[in-house]
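In case you want the letters, here they are:
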Amino acid sequence: MPNFVDPASIANQAYDLVVVGSGFGSSFYLRRILERKASARILVLEWGKHRPHEWQIEQDRHSDIDPETTYASDSDKPWNFTIGLGGGTNCWFAQTPRFHPADFALRSRYGVGADWPVQYDELEPHYVAAERIMSISGDPRMATMFPRSAPFPQPPHRMTAPDRLMAAAQPGSHFAMPTARARVATEGRSQCCASFRCTLCPVDAKFTLNNGLIDIFDDPAVTLALDAKVLRFEGAGNAVRSAVVEVGGKEIRVTGDRFVLGANAIHSPAILQRSDMADALTGAGLHESYGCHVEVMLDGLDNFDGSTITTGLNYGLYDGDHRRDSGAALVYFDNRWTHGLRAAPKRWRQTLPLMIVTEELVEDRNKVTVDAGGVPIVTFAGVSDYAKRGQQRAIDALPKLLAPLPVEDIVFRSQRPTESHLQGTLRMGADPRTSVVDAGMVHHRWRNLTVVGTSVFPTCSAANPSLTAAALSLRAASLA
């Protein structure tokens, strides 16, 4: 268990490093800083409480704080996140594909979106480090598409019968899903039980801060304050000088030499906006990928014999010149009966649920602002035509993509309301006129402020973002 302090005791204290939040961005950044012994006195400020795995299972929730109560919105689109120690490491499903090398150079290759100021090759060693920390299970064949400098720490999960047929016919594009759901039990985590309750894993098989990084808060350099909501920063010249924190209904201040902002893509920009430290791009470009459910009726082939919730990942519709006009599509092969078992005698397993997740273009009209009281306001104007065209292109291409399978019918089931991957709002880039932070994720103006987490993403891959957020944080801490 980490050592907590009374948050009131930090008032008027000075630190070498002040870290806001404790999710993927903040915790992986802190892990690398401690490895380097780069700071002697570190304060971590977490708005929520520490709720260990046992509490989450008993209460059937991740946190005491309902995320929907922390912001207002002009639409009914949900934005899912967790406020509490560990942030999104609590609620994620632990799917960990890397971003495609082309995702980092979308403008150069296809004339849309933006180029990242860091490319795949530069990030690759940090991908390896993040995969080791999370003990990722993965398919070694993925190295043909995603060059690797080290193997996956764990073997891949067992694929389903449909996956195995697809991989045999399309070895260069169909792979076992890489996951932070343990294929082989570790010291702190059980083997994945394939019960499909990943958001609240009943056997604690998926990586979380609680079972994988909690020891960072035992380091004598670290002070952890819970129930400590950062309201705003105070700065002078080009540096942040202090954080104003709400503790027990009162405001206190802490000062620091360096600051790390790792709330999320809604609350990180809101802190800067409440601080009068925002420019026109602060809060702009809130985004996530665009997904739908499809069900494939199979003729004589049983499914659901894999060892985890999502077993296959198909890149056959991902990269190519079509990205000039329509988004990349990633096809997820599920090992769960999303739409129920098939109601036909002796054919109940002859069905294949798919998710199609499509790349989105970042649009400034989707944004976060704050009202007069400082409450974050989410404005979501809608999904881009680029993403919609990408999804339709993928649906139209499914018969050809699935040719290795005995397909009887393909049925569109539903649009997915959210991918639970809020991103953007503090995008990274080389030019201060078109971005908020630089290649090291340091704010272009506030030069002692580093922003971590998915809020820095300047484009929207169709792949799950958490591994990339972790890798970027390790890289940023290496540069600090």
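The structure under discussion appears in the preceding block.
Residues numbered from 1 in each chain as written. Predicted model: local features only at pLDDT ≥ 70, side-chain atom pairs only at ≥ 80, totals over all residues. Heavy atoms only, no water.

**Some details on the packing of aromatic side chains**
Condition: Aromatic pairing here means that ring centres of Phe, Tyr or Trp (its six-membered ring) are within 6.5 Å. Orientation follows from the plane angle: under 30 degrees is stacked, over 60 is edge-to-face, and everything else is tilted. In this description a helix means any DSSP run of H or I spanning at least four residues, a strand means any run of E spanning at least two, and both kinds are numbered starting from the N terminus. Buried residues are those whose accessible area, probed at 1.4 Å on protein chains only, stays under 20% of the maximum for their type, while exposed residues exceed 50% and partly exposed ones sit between those limits. Geometrically, a lysine NZ or arginine CZ counts as sitting over a ring once it is within 6 Å of the ring centre and also within 35 degrees of the ring normal.
On inspection of all chains with the given rule, the structure shows 18 aromatic pairs. Ring plane angle 65° and centroid distance 5.3 Å describe the contact between Phe-146 and Tyr-315, whose orientation is recorded as edge-to-face. Taken together, the residues span a long stretch of sequence, with Phe-146 in the loop between α4 (120-134) and α5 (161-169) and Tyr-315 in the loop between β10 (310-314) and β11 (329-334) at a distance of 169 residues. Accessibility classification places Phe-146 together with Tyr-315 in one group, the buried group. Arranged with centres 5.6 Å apart and planes meeting at 85°, the rings of Phe-304 and Trp-337 form a pair that is edge-to-face. One end of the pair, Phe-304, is in the loop between β9 (290-298) and β10; the other, Trp-337, is in the loop between β11 and β12 (351-358), with 33 residues separating them in the sequence. According to the relative accessible area criterion, Trp-337 is partly exposed, its value standing at 44%. Through successive ring pairs, a cluster of aromatic residues spans Phe-99, Phe-104, Trp-116, Tyr-120, Tyr-127 and Phe-457. Positioned above the aromatic ring of Phe-152 is the side chain of Arg-148, whose terminal nitrogen or guanidinium carbon lies 3.8 Å from the ring centre.

**Observations regarding the nonpolar core**
Keep this limit in mind: We define a nonpolar core as any set of buried Ala, Val, Leu, Ile, Met, Phe, Trp, Tyr and Cys residues linked to one another through side-chain atoms lying within 4.5 Å. Any two residues having at least one pair of non-hydrogen atoms within 4.5 Å are treated as being in contact.
Of all hydrophobic cores here, the largest spans 94 residues; its most connected members are Phe-28, Leu-45, Met-134, Phe-217 and Phe-233. In terms of residues, this core owes the most to one element, helix α9 (residues 466-479), which gives eight residues. Not counting residues within four places of it along the chain, the set of residues in contact with Leu-45 comprises Ile-10, Val-18, Val-19, Val-20, Gly-21, Ala-225, Ala-228, Val-230, Val-245 and Val-254. Formed by 19 residues, the second largest nonpolar core is a distinct cluster that contains Val-294, Leu-298, Val-331 and Leu-352.

**Focus: the sheet that holds strand β13 (residues 367-370)**
Threshold: We treat two strands as partners when DSSP finds at least two bridges between them. Structural elements are reduced to axes, namely lines fitted to C-alpha atoms, with helices fitted over the stretch in contact, and the angle between N-to-C directions of any two is expressed from 0 to 180 degrees.
The mixed open sheet is built from three strands, whose spatial order is β3-β14-β13. One side of each edge strand has no neighbouring strand; the edge strands of this open sheet are β3 (72-73) and β13. With two bridges joining them, β3 and strand β14 (residues 376-379) adopt parallel strand pairing. Each bridged residue has a counterpart across the sheet, and for Ser-73 the counterpart in β14 is Val-378. Running over the sheet, helix α7 (residues 267-274) touches β13 and β14 and is turned about 40° from β13.

**Side note on the sheet that holds β9**
Spatially, β4-β10-β11-β12-β9-β15 is the arrangement adopted by the six strands of the open sheet, whose pairing is antiparallel. Every interior strand has two partners, whereas the edge strands, β4 (174-176) and β15 (407-415), have only one. In this sheet, adjacent strand axes meet at a mean angle of 25° when their direction is disregarded. Here β4 pairs with β10 via three bridges, running antiparallel. By the bridge assignment for β10, Ala-176 is matched with Gly-312.

**Remarks on the pattern of salt bridges**
Stated formally: Salt bridges are counted wherever a side-chain nitrogen of Lys or Arg sits within 4 Å of a carboxyl oxygen of Asp or Glu.
A complete count under the given rule lists 31 salt bridges for this structure. Two residues, Asp-364 and Arg-427, come together in a salt bridge whose shortest N-O distance is 2.6 Å. In this pair, Asp-364 is assigned in the loop between β12 and β13 and Arg-427 in the loop between β15 and β16 (449-451), connecting sequence segments 63 residues apart. Under the relative-accessibility criterion, Asp-364 is labelled partly exposed at 40%. Residue classification places Arg-427 among the buried residues on the basis of a relative accessible area of 13%. One salt-bridge network, in which partners are shared between bridges, spans Arg-98, Glu-124, Glu-131 and Arg-148.

**A short note on the environment of Arg-181**
Defined as follows: Pairing of N or O atoms within 3.5 Å defines a polar contact, subject to two protein rules: one partner must be a possible hydrogen donor and the other a possible acceptor, and residues neighboring in sequence count only if both atoms are side-chain atoms.
Inspection of the secondary structure puts Arg-181 in the loop between β4 and α6 (209-212). Separated by 25 residues in the primary sequence, Arg-181 and Lys-206 have C-alpha atoms spaced 4.1 Å apart. At a separation of 3.0 Å, a polar atom in the side chain of Arg-181 contacts the side chain of Gln-95.

**A few points about the pairing of β14**
As a general feature of sheets, a regular strand has side chains that alternate between the two faces. Taking every second residue as pointing to the same face, the buried face of β14 carries Pro-376 and Val-378, while none of Ile-377 and Thr-379 on the other face is buried. Relative to β14, β13 runs antiparallel, the two being bridged by four bridges. Considered in β14, the bridge of Thr-369 is made with Ile-377. Where β13 hands over to β14, the hairpin turn is made up of five residues, of which Gly-374 adopts a positive phi near 90°.

**A look at the side chain of Glu-419**
Among the structural elements, Glu-419 can be located in the loop between β15 and β16. Here Arg-416 takes part through its side chain, which lies 2.6 Å from a polar atom of the side chain of Glu-419. Those residues in contact with Glu-419 that sit more than four places away from it in its chain are Glu-288, Ser-289, Gly-291 and Val-357.

**Some words on the packing of helix α1 (residues 24-36) against α9**
The following threshold applies: When the near helix sits turned anticlockwise from the far one by under a right angle, the crossing is termed left-handed; a clockwise turn instead gives a right-handed crossing.
Close contact between α1 and α9 brings their axes to 8 Å; oriented N to C, the two are set at 35°. Handedness of the α1/α9 crossing: right-handed. From α1, Phe-24, Gly-25, Phe-28, Tyr-29, Arg-32, Ile-33 and Arg-36 reach across to α9, where they touch Ser-466, Ala-470, Ser-473, Leu-474, Ala-476, Ala-477 and Ser-478.

**Considerations on the state of the cysteines**
What counts, and what does not: Here, the term disulfide refers to a pair of cysteine sulfur atoms separated by no more than 2.5 Å.
For the coordinates displayed, the defined rule picks out zero disulfides. Free of any disulfide, Cys-192 has its nearest neighbouring cysteine sulfur in Cys-193, separated by 5.7 Å. Residue Cys-192 is classed as buried on the basis of its relative accessible area, which comes to 15%. Among the cysteines around Cys-198, which has no disulfide bond, Cys-192 carries the closest sulfur, lying 6.0 Å off.

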